[in-house]
Amino acid sequence: MNDDLEKRLVIIPAYNEEGAILGTVDSIRKKAPSFDVIVINDCSSDSTRELLEKNGIRHINLPMNLGIGGAVQTGYIYAAKKGYDVAVQMDGDGQHDPAYLDKMLDAMKKQKADMVIGSRFIENEGFQSTKLRRFGIGFFTKWIKMLTHKTITDPTSGMRMANKKVIEVFAENYPKDYPEPETVVSILKQGYTITEIPVKMLERTAGESSISMKKSVYYMIKVSMACLISSWTAGLTGGKRK
């Protein structure tokens, strides 16, 4: 397919991101102008919706808070229905630099990968997250390696690009909460390929993370079990679709 004919989409799940969402969208438009943008407003209680409407930003308003998984899946459903060839998730808090999107797309094509993850831990530059989260990320890297025999250095990264086949998979089925490690396992076990490129991430410019200290233990247990179940069920369903 001619690059100029590819349809490319950035999916931004947003919950109470009034302090950062305009800057995030503006940065994408300036640094990655070949990508369309869709913001999934996850029933925000602040002025996120009003800002999106006032500034003419394409968005979908969810009638109730579905959490990160439901918001992201809504974006993939939109991408599938609109015939996008490539879709990339980006957080609405300004942590992800859209300057890397063309590099991710280039890696996808050169390596014939089905998914590309932007990893902060290949070159260990930029914001490296908190010590607690780094511990969790390291644990999931080892856990995913045990389940899939594939090393993913940043399995919790929310900056990930999917090709058309994976868009269709995610449009049909996507975990509800803390979905990143689980979807990595599912995709790999279905026979799809994942590669990573080094990126620098920034500290969030506004808002709060959805994962608090109190949720950390639940996160570790729930996601570990979800990855195990996903590994088993994906194996039962067979290989990737044609």
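This text gives an overview of the structure that appears in the document. (Residues numbered from 1 in each chain as written. Predicted model: local features only at pLDDT ≥ 70, side-chain atom pairs only at ≥ 80, totals over all residues. Heavy atoms only, no water.)

### Points about the overall build of the chain
(1) Moving on: The helix and strand inventory of the chain stands at eight helices and seven strands.
(2) Moving on: Taken across its 242 residues, the chain has 52% of its residues classed as buried.
(3) Moving on: Taking all contacts inside the chain whose residues are at least 6 apart in sequence as the whole, residues at least 24 apart take part in 78%.
(4) Moving on: Approximately 11,900 Å² of the chain is accessible, and the part contributed by carbon and sulfur atoms is 55%. (Helix = DSSP H or I, 4+ residues; strand = E, 2+ residues; numbered from the N terminus. Buried < 20%, exposed > 50% of the residue type's maximum accessible area, 1.4 Å probe, protein only. Contact = heavy atoms within 4.5 Å. Areas by Shrake-Rupley, 256 points an atom, 1.4 Å probe, with all protein chains shown as cover.)

### A look at the pattern of salt bridges
(1) Moving on: According to the stated counting rule, one finds eight salt bridges in the structure shown.
(2) Moving on: Asp97 serves as the salt-bridge partner of Lys31, at 3.1 Å between the closest nitrogen and oxygen. Of this pair, Lys31 sits in helix 1 (residues 21–31) while Asp97 is found in the loop between strand 4 (86–89) and helix 4 (101–110), placing the two residues 66 residues apart along the sequence.
(3) Moving on: Note on Lys31: relative accessible area 42%, which makes it partly exposed.
(4) Moving on: Here Asp154 ties to Arg120 by a salt bridge, and the two come within 2.8 Å at their closest N and O atoms. Here the residue Asp154 occupies a position in the loop between helix 5 (131–148) and strand 6 (160–163), and Arg120 occupies one in the loop between strand 5 (115–119) and helix 5, the gap between them amounting to 34 residues.
(5) Moving on: In this structure Asp154 comes out as buried when scored by relative accessible area, which is 0%.
(6) Moving on: For Arg120, a relative accessible area of 9% gives the class buried.
(7) Moving on: Overlapping salt bridges bring together Glu6, Arg8 and Lys109 as one network. (Salt bridge = Lys/Arg side-chain N within 4 Å of Asp/Glu carboxyl O.)

Don't take any of this as a statement about function, it's just geometry.
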